[in-house]
Amino acid sequence: MSNILILGFGREGKSTYKYLRKSNPMGLLTIADKNPNIAYDEIFNCGKDALPCVSTDPNVAFKLGNDYLQNLDEYDIIIKSPGISLKDFPELMNDERITSQTDLFLQEFHKQIIGITGTKGKSTTTALIYHILKKQSDNVILVGNIGIPPFDLYEKINENTKIVAELSSHQLQHVQASPHIAVLLNIYQEHLDHYNSYEEYQQSKWNITRYQNDDDFFVFNADHELLNELWNYVGISRKIYTFSASEFQEKGCYIRNNWIYFNGEKFYNCSEPRYLKGEHNLLNIMAAINVCRICNIDDEIIRSGIADFKGLPHRLEYVGTYHDITFYNDSISTIPEATIAAVKSLGNVQTLILGGFDRGIDYSPLVEFLIQNPIKNIIFIGEAGQRISNLLINKILENPQLRNNSLNFFDAKNYDEVVDLAFKITEKNHTCLLSPAASSYDMFKNFEHRGDYFKERIMKK
């Protein structure tokens, strides 16, 4: 009998426990987590599914607290949750005992899965593809990093079900299978606190196509230099569809004269009304068109899906106009490239809110952009905000011609101060944008928590 360890007991870990208990009610399991109170916390009660509460399950052992990653050699199978980093345990990085829900799911349902990853844009692209596919059939499910552990929907899958999966680098890190249709949007510096190097992060993302074969499809951004480098280096055969904002693509999508072309023919007029703003979302739209055409979705269904898809919260989300100031919430922005894209999309930002938890990523692209495209007011918060502020100040001091730049800098200790400042310094009929280019974990549970708090404070003014 296998000795199974559930490593990490967040949302996916709980889902794994439920699944294993349904298939093997009396099997011995061990749960390992940094939280020392899991064994006693009734929040993990699975009673609604007629399953035992973890705290009273006689066949569960616990490894809890700061040493929960020690002595993992005792287990035959380790089902790891995405949030657990093994960067300090190099001997485990290629350990065949380590698997995950994503890995097991990909191995079983490979031919039915459309997997989407990328540093930015994956949630929007995943949701758009799901939205379009649902217009043609109800036999479609949405799983993965978007918030639904794959095992939770296992019983809803039949042989004809299309599975749309948003896949993070953490979910892809230890997989041994890839989706039938794989989409890779971009790779930027992100989550470097989880990996030993940027290259290790890149390799995790590349797993979305690494295990594909000649019958599979790989969709990727031809404008992204790093993706082209990786592709040319690996050179594995599968069916390739690409997309580009400017260059002709023989197989896939490109933009010319404000039209998206697919396989050389006009497909979608970029001037058509749509909720998804910005040039970066045209790339997401082209990725979705490629996937939907591969899936033989009717052209008019694809076009109508693009038109009526309203996007996701915290992604250039229009908060509203309060006291004649327009507010946008782009809390999902945790890297410089996302903030640059957000500012370009809106075009008339007077006040920008930057900063948060500092993970040591390179902010020089953002600094260069802000020097060349000055925004009147910037509010800095957190350690990342302080570092961006210092980089900007040093850049201006090094270049005398920039000293007359119209940038005004403000510091805030918390988001109450951020919102107070935003109302004070932003002129009427102008725009304030939260697009922090940094993680939220210094002050909030996640980027959603940060965005929700920002919106709540604005609406109370």
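Residues numbered from 1 in each chain as written. Predicted model: local features only at pLDDT ≥ 70, side-chain atom pairs only at ≥ 80, totals over all residues. Heavy atoms only, no water.

## Topic: the environment of Asp358
For the record, the criterion: Strands here are runs of E lasting at least two residues and helices are runs of H or I lasting at least four, both read from the DSSP assignment and numbered beginning at the N terminus. Note on definitions: a residue-residue contact is assigned when non-hydrogen atoms from the two residues lie within 4.5 Å. Think of a polar contact as two N or O atoms within 3.5 Å of one another; within protein, one of them needs to be a possible hydrogen donor and the other a possible acceptor, and neighboring residues in sequence only count if both atoms come from side chains.
Position of Asp358 among the secondary structure elements: in the loop between strand 17 (349-354) and helix 10 (364-372). Sequence separation between Asp358 and Asp216 is 142 residues; the distance between their C-alpha atoms is 39 Å. Beyond its immediate stretch of four places on either side in the chain, Asp358 contacts Glu383, Ala384 and Arg387. Engagement of the side chain of Asp358 in a polar contact is seen with the backbone nitrogen of Gly360, the distance being 2.9 Å.

## Notes on the packing of helix 3 (residues 122-136) against helix 8 (residues 299-308)
Note the following rule: As a rule, the C-alpha atoms of each element are fitted with a line to give its axis, helices using only the stretch in contact, and angles between N-to-C directions run from 0 to 180 degrees. Orientation labels follow simple angle bins: below 35 degrees gives roughly parallel, above 145 gives roughly antiparallel, 65 to 115 gives roughly perpendicular, and whatever is left gives oblique. Two helices cross in a left-handed way if the nearer one is turned anticlockwise from the farther one by less than a right angle. They cross in a right-handed way if the turn is clockwise. The residue classification treats Ala, Val, Leu, Ile, Met, Phe, Trp, Tyr, Cys and Pro as nonpolar and Asp, Glu, Lys and Arg as charged. All others, Gly included, are polar.
The N-to-C vectors of helix 3 and helix 8 enclose an angle of 130°; their axes lie 9 Å apart at closest approach. It follows that helix 3 is oblique to helix 8 by the angle criterion. Here helix 3 and helix 8 pass one another in a crossing that is right-handed. In contact with Leu128, His131, Ile132, Lys135 and Gln136 of helix 3, helix 8 contributes Ile301, Ile302, Ser304, Gly305, Ile306 and Asp308. Partitioned by chemical class, the residues of the contact of helix 3 with helix 8 number 5 nonpolar, 4 polar and 2 charged.

## Re the side chain of Gln112
Note the following rule: Partly exposed describes any residue whose relative accessible area lies between the buried limit of under 20% and the exposed limit of over 50%, with all areas from a 1.4 Å probe on protein chains only and scaled to the type maximum.
Position of Gln112 among the secondary structure elements: in the loop between helix 2 (101-109) and strand 6 (113-117). Residue classification places Gln112 among the buried positions, given a relative accessible area of 18%. For Gln112, the side chain forms a polar contact with the main-chain oxygen of Thr161, separated by 2.8 Å. Once residues within four sequence positions are removed from consideration, Gln112 is found in contact with Ile157, Asn158, Glu159, Asn160, Thr161, Lys162 and Ile163.

## Some points on empty space enclosed by the protein
Once rolled over the atoms, a probe with the size of a water molecule shows which space is left empty. The condition is simple: Put simply, the grid is 1 Å and covers the protein atoms alone, a cavity is a trapped set of points that fit a 1.4 Å probe, a pocket is an open set with protein on both sides within 12 Å along at least five of seven lines, and lining residues have an atom within 4 Å of a point. Grid points are joined across faces, edges and corners, and a volume is the space filled by probe spheres set on the points.
On inspection of all chains with the given rule, the structure shows 3 cavities of 30 Å³ or more. Of the pockets and cavities examined, the largest cavity occupies roughly 60 Å³. Taken together, Thr102, Phe105, Leu106, Ile113, Val143, Gly144, Pro150, Ala165, Leu167 and Gln171 form the lining of the largest cavity. Elements with a minimum of two residues in the lining of the largest cavity: helix 2 and strand 7 (140-144). Residue contributions to the lining of the largest cavity peak at 3 residues, all from helix 2. Looking at the lining of the largest cavity, its residues break down into 7 nonpolar, 3 polar and no charged.

## Quick look at the sheet that holds strand 3 (residues 60-64)
Operational definition: Here the rule is simple: two strands pair whenever DSSP picks up at least two bridges between them.
Within the open sheet, the 5 strands sit side by side as 3-2-1-4-5. Their pairing is parallel. At either margin of the open sheet sits one strand with a lone partner, and together these are strand 3 and strand 5 (98-99). Relative to strand 5, strand 4 (residues 77-80) runs parallel, the two being bridged by 2 bridges. Along strand 5, the bridge assignment pairs Ile79 with Thr99. The sheet contacts of helix 1 (residues 11-23) involve strand 1 (4-7), strand 2 (29-33), strand 3 and strand 4, and relative to strand 1 the element is tilted by about 150°.

## Examining the sheet that holds strand 12 (residues 252-256)
Strand order in the open sheet formed by 9 strands is 7-8-6-9-10-11-12-13-14, and the pairing between neighbours is mixed. Lying at the two open borders of the sheet, with one neighbouring strand each, are strand 7 and strand 14 (265-269). Strand after strand, the sheet turns through a mean of 20° between neighbouring axes, direction not considered. Bridge count for strand 10 (residues 217-221) against strand 11 (residues 239-244) is 5 bridges, and the pairing is parallel. Note that in strand 11 the partner of Phe220 across the bridge is Thr242. Packing against the sheet, helix 5 (residues 198-210) makes contact with strand 6, strand 9 (181-184) and strand 10, and its axis sits at approximately 150° to strand 9.

## Observations regarding the layout of surface pockets
Each pocket or cavity is described by its volume, and for the second largest pocket that value is around 410 Å³. Within the residue set of the lining of the second largest pocket, elements represented by two or more residues are strand 5, helix 2 and helix 5. Examining the composition of the lining of the second largest pocket, we find that 5 residues originate from one element, helix 5, more than from any other. When the residues that make up the lining of the second largest pocket are grouped by side-chain class, the tally is 4 nonpolar, 9 polar and 5 charged.

## As for the packing of aromatic side chains
Heads up, the rule is: Aromatic contacts are taken between Phe, Tyr and Trp rings whose centres are within 6.5 Å, Trp giving its six-membered ring; a plane angle under 30 degrees counts as stacked, one over 60 as edge-to-face, and the others as tilted. Lysine and arginine charges are scored as sitting over a ring when NZ or CZ, respectively, is within 6 Å of the ring centre and within 35 degrees of the ring normal.
On inspection of all chains with the given rule, the structure shows 19 aromatic pairs. Arranged with centres 6.4 Å apart and planes meeting at 70°, the rings of Phe327 and Phe454 form a pair that is edge-to-face. One end of the pair, Phe327, is in strand 16 (residues 325-329); the other, Phe454, is in helix 13 (residues 447-459), and 127 residues separate them in sequence. Looking at Phe327, the relative accessible area reads 0%, which means it is buried. On the basis of relative accessibility, which here comes to 0%, the residue Phe454 falls in the buried class. The ring centre of Phe217 lies 5.3 Å from the NZ or CZ of Lys239, which sits over that ring. Geometry around Phe267 places Arg303 over its ring, the cationic atom sitting 4.5 Å from the centre.

## Observations regarding the nonpolar core
This is how the line gets drawn: Among buried residues, the Ala, Val, Leu, Ile, Met, Phe, Trp, Tyr and Cys ones that are joined through side-chain atoms within 4.5 Å form a nonpolar core.
Counting 40 residues, the largest nonpolar core has Leu133, Ile260 and Ile289 as its most contacted members. Ranked by the residues each element gives to this core, the list is headed by helix 7 (residues 279-294), at 10 residues. In this structure Leu133 touches Ile114, Val140, Lys162, Val164, Cys292, Cys295 and Ile297, once residues within four positions along its chain are discounted. By size, the runner-up hydrophobic cluster in this structure holds 30 residues, among which are Ile361, Ile375, Ile378 and Ile388.

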